[in-house]
Amino acid sequence: MWRRLLVRRLALGLLTLWLVSLVVFAATLALPGDAATAILGKQATPERVQALREQLHLNEPVTTQYVNWIGGILTGDLGTSAATQQPVAELISTQIWNTVFLVVVAALIAIPVSLGLGVLAAVRRDRTVDHVISTAALVLASLPEFVVSIILILLFATTVLQVLPAVSMLGPGQPAWEVPQSVILPAAALVLMVSPYIIRMMRGSMVEVLESEYVTMARLKGLSERAVIWRHAFPNAVAPAIQVTALQLAWMTGGVVVVEFVFRYPGIGQALVEAVSTRDLPVVQAVTLLAAAVYVGLNLLADIVTTLITPKLRTAEQ
Amino acid sequence: MIDQTVAASERPSPALRRWLWLEILRNAVRLTRTRIGLAIVAFIILIALAGPFVAPYSPTEFVGPPNSGPSGEEVFGTDALGRDVLSRFLYGGRTVLVLSAAATVIGVAAGVAVGLLAAYGRNWLDEVLMRASDVLLAFPPIIFVLLLVAAVGPRLWLIVLTVAATHAPRTARVIRGAAVEVVERDFIRAAEAVGEKHWRILLGEILPNVTSPLLVELGLRMTYSIILVAGISFLGFGLQPPTADWGLMINENQLSITVQPWAVVLPTAAIGLLTVGTNLVTDGIARAAIGIDRRTE
């Protein structure tokens, strides 16, 4: 049953991505004047504008432009940067891996820590530890990512302690894993941004499971509290938290933009901000489409996880 | 905390539910967290609105050497260009508040309209509206805003509209979810039977019955609006220099944070407090709404 549902979801995801590609492409058409004048500015000579128009294929019909663009992207050719004339793929390849590194580090810390804190809050429900964790989660969940990042910089890189770099000190084209301390604060910011949601969900579902009969049974059988919590309650409570985790990873695709900019961390988000300020549309479009693909993929994953773990949903759609 | 004295049998009729929003807000205000949230929000709004009238200097006036520390005349010192930090802070809050409020109202209104139409229209209209929402939902919000800023340029109206566009599909889903149940109820059939116009059924019968999720959405979207608008402005795509603006102030002074932290600390604290405040209020409203909904079921 759910295999058909899975295929349907995947098809819907692909359809959505195709429509997204139309929107991303349409952004080019939204340029007042056209891309060439927007990039070169009003003072550019007509010859230069004409040359750039040729290079960007702006003289061809819109449909041809779209087919060329999407065809290129599907075959790995992300286009040519309007600002530096380099191939976009070459331009952002180091940045992509830097961002992947940052996000993976953040996820590897955030997931176990927040699951653990969620369990702790549930086990010590309505006691001081629970109140502290829950209040901190509520406050953190409402803060913008740049506020959290600036607080980290004030605490660890400038005013209070000076143990970490306030901005990344990577040379151009240098991969982030060669200078590991450059990733600590950006990763910490991402961890603080995604954890509250995972903690809250883990706490909520753990509280529910701890009140269930089989947990009482396990306790009555005389099992140690540790075994009751980790072997009996946790596996049954973790599923909703996994779904939220997938959604939080999806959030990171947007969250890295501001966090990377604060720490001047040379990742894909920083590349996007630079491209927006120079109005380098080919780069912006490639990054946007990439981010949307990752975002849709992770949301789909969260969807599928929810379906798989909710018996009612699994059987509802015939 | 929440007034539970009204018996379940005194279930309000659809007509009485028109005042539901007032009841929810009244109950929300009784919660401590809502009060703290309201106090914080009121404090920040006061700074933003009254600030320009009490600022000692003009926000663009050069009053001393760059990055000088606090002194008798410049209470929080000067910024990276030598302008008075306090004055720029007092002037810099209006735009983020106005833009965020506008984006919230437009986005939630559009979302409510789409959500109600989808729930009531069913079939093809529902399908078309929800697929269109899916496309907008496929963009991480900030990236969607940046895509359009890259195409059109940093314009304030564009930020309001794009932020609103990121809210609309999310609100639409929530409102549709709540309205689908209402559409099935008898009083809607009754209204249709007596030939009530469709738009009157939508606004007069269905809308008052999705008040709880609507109020929560307003609060939630306001928080996200502030986060997005301030974030865009921090990236340098909002108000342009030399205008004073909290997000932009952080951007301009971040590199001199070691010598002159105040120019970063003040706007960062204001934006952080504001979002914590709006989120506390939203949390209070959500709790009050759950209390009232349980009672009337």
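All figures in this text were calculated on a predicted structure; none of them were measured in a lab.

### A word on the overall build of chain A
In terms of helices and strands, chain A carries 13 helices and zero strands. When the backbone C-alpha atoms are referred to their principal axes, chain A occupies close to 85 × 60 × 30 Å. The burial tally for chain A puts 40% of its 318 residues in the buried class.

### Digging into the overall build of chain B
Of regular secondary structure, chain B possesses twelve helices and zero strands. Written out in order from the N terminus, the α and β elements of chain B read α-α-α-α-α-α-α-α-α-α-α-α. For chain B, the C-alpha atoms occupy an extent of roughly 75 × 50 × 25 Å along the three principal directions. Burial statistics for chain B: of 297 residues in total, 52% are counted as buried. Considering only contacts within chain B whose residues lie at least 6 apart along the sequence, 73% involve residues at least 24 apart.

### Regarding the interface of chain A and chain B
In this assembly, 41 residues from chain A lie in contact with 35 residues from chain B. Elements represented by at least two residues in the side of chain A that touches chain B include exactly helix 1 (2-29), helix 6 (128-142), helix 7 (145-156), helix 10 (225-262), helix 11 (268-277) and helix 12 (281-309) of chain A. Among the elements that line the side of chain A that touches chain B, the one with the most residues is helix 1 of chain A, at eight residues.

### Digging into the packing of helix 5 (residues 88-123) of chain A against helix 8 (residues 181-210) of chain A
Closest axis-to-axis distance for the helix 5 of chain A/helix 8 of chain A pair is 6 Å, and the angle between their directions is 35 degrees. As helix 5 of chain A runs across helix 8 of chain A, the sense of the crossing is right-handed.

### So, unusual backbone geometry
The residue after B:Pro241, namely B:Pro242, is reached through a cis peptide bond having omega 5 degrees. Along the chain, B:Pro242 turns up in the loop between helix 10 (211-234) and helix 11 (246-253). The backbone of A:Arg264 shows a phi angle near 50 degrees, a positive value even though the residue is not glycine. Checked against the element boundaries, A:Arg264 lands in the loop between helix 10 and helix 11. Not every positive phi belongs to a glycine, and A:Arg279 is a case in point at roughly 55 degrees. When you line up the elements, A:Arg279 lands in the loop between helix 11 and helix 12.

### What to know about helix 7 of chain A
If you check helix 7 of chain A, its first and last C-alpha atoms are 16 Å apart, about what twelve residues at 1.5 Å a residue would give, namely 16 Å. Within helix 7 of chain A, the full set of buried residues consists of A:Glu145, A:Phe146, A:Val147, A:Val148, A:Ser149, A:Ile150, A:Leu152 and A:Ile153.

### A few points about the confidence of the model for chain B
One rule of thumb: low pLDDT means the predicted coordinates there are not for detailed reading. Residue and element names in this part refer to chain B. Taken as a whole, chain B shows an average pLDDT of 85; of its residues, 92% reach a score of 70 or greater. Counting interchain partners and residues more than four positions distant, the pLDDT-below-50 stretch residues 1-13 has twelve contacts. For this predicted complex, the interface confidence reaches an ipTM of 0.86, while the overall pTM sits at 0.87.

### Some thoughts on the environment of B:Asn27
Along the chain, B:Asn27 turns up in helix 1 (residues 20-29). Sequence spacing of B:Asn27 and B:Arg176 is 149 residues, and the spatial spacing of their C-alpha atoms is 25 Å.

### Topic: the packing of helix 7 (residues 156-183) of chain B against helix 10 of chain B
Residue and element names in this part refer to chain B. Between helix 7 and helix 10, the least distance of the axes is 10 Å, while the angle of their chain directions is 155 degrees. One element, helix 7, and the other, helix 10, form an angle in the roughly antiparallel class. The chirality of how helix 7 crosses helix 10 is right-handed. Across the interface between the two elements, Ile159, Val163, His167, Thr171, Val174, Ile175 and Ala178 from helix 7 touch Pro213, Leu214, Glu217, Arg221, Ser225, Leu228, Val229 and Ile232 from helix 10. Across the contact of helix 7 with helix 10, the residue classes break down as ten nonpolar, three polar and two charged.

### As for the nonpolar core
Judged by nonpolar contacts, the single largest core of 174 residues is most densely connected at A:Val287, B:Val145, B:Leu147 and B:Val229. If one sorts the elements of this core by residue count, helix 10 of chain A sits on top with 17 residues. A:Val287 has contacts with A:Ile92, A:Ile268, A:Ala271, A:Leu272 and A:Ala275, leaving out every residue within four places of it along the chain.

### As for the environment of A:Pro180
Secondary-structure assignment places A:Pro180 in the loop between helix 7 and helix 8. The spatial distance from the C-alpha of A:Pro180 to the C-alpha of A:Ala241 is 29 Å, given a sequence separation of 61 residues.

### Here we look at helix 5 (residues 123-137) of chain B
All names here are of chain B. For helix 5, spanning 15 residues, the distance from its first C-alpha to its last is 21 Å, which sits close to the expected 21 Å at 1.5 Å a residue. Within the span of helix 5, buried status applies to Leu129, Ser133, Leu136 and Leu137. Around the axis of helix 5, the buried residues are gathered within 95 degrees of arc, so they sit on the same side. Facing away from the buried side of helix 5 by more than 90 degrees, the exposed set consists of Asn123, Trp124 and Glu127. The elements touched by buried residues of helix 5 are helix 4 (94-121) and helix 7.

### A short note on the confidence of the model for chain A
Mean pLDDT for chain A: 83, with 92% of residues reaching 70 or above. Within chain A, helix 7 of chain A carries the highest mean pLDDT (91), whereas helix 13 (residues 311-316) of chain A carries the lowest (52).

Rules used in this analysis
- Residues numbered from 1 in each chain as written.
- Chains lettered and ligands numbered in written order.
- Predicted model: local features only at pLDDT ≥ 70, side-chain atom pairs only at ≥ 80, totals over all residues.
- Helix = DSSP H or I, 4+ residues; strand = E, 2+ residues; numbered from the N terminus.
- Buried ≥ 20, exposed ≤ 12 C-beta atoms within 10 Å, placed from the backbone.
- Contact = placed C-beta atoms within 7 Å.
- Axes fitted to C-alpha atoms, helices over the stretch in contact; angles between N-to-C directions.
- Left-handed = near helix turned anticlockwise from the far one by under 90°.
- Expected span 1.5 Å × (residues − 1).
- pLDDT = per-residue confidence, 0-100.
- Parallel < 35°, antiparallel > 145°, perpendicular 65-115°, else oblique.
- Nonpolar A, V, L, I, M, F, W, Y, C, P; charged D, E, K, R; others polar.
- Core = buried A, V, L, I, M, F, W, Y, C linked by C-beta atoms within 7 Å.
- Arc of directions from axis to C-beta.

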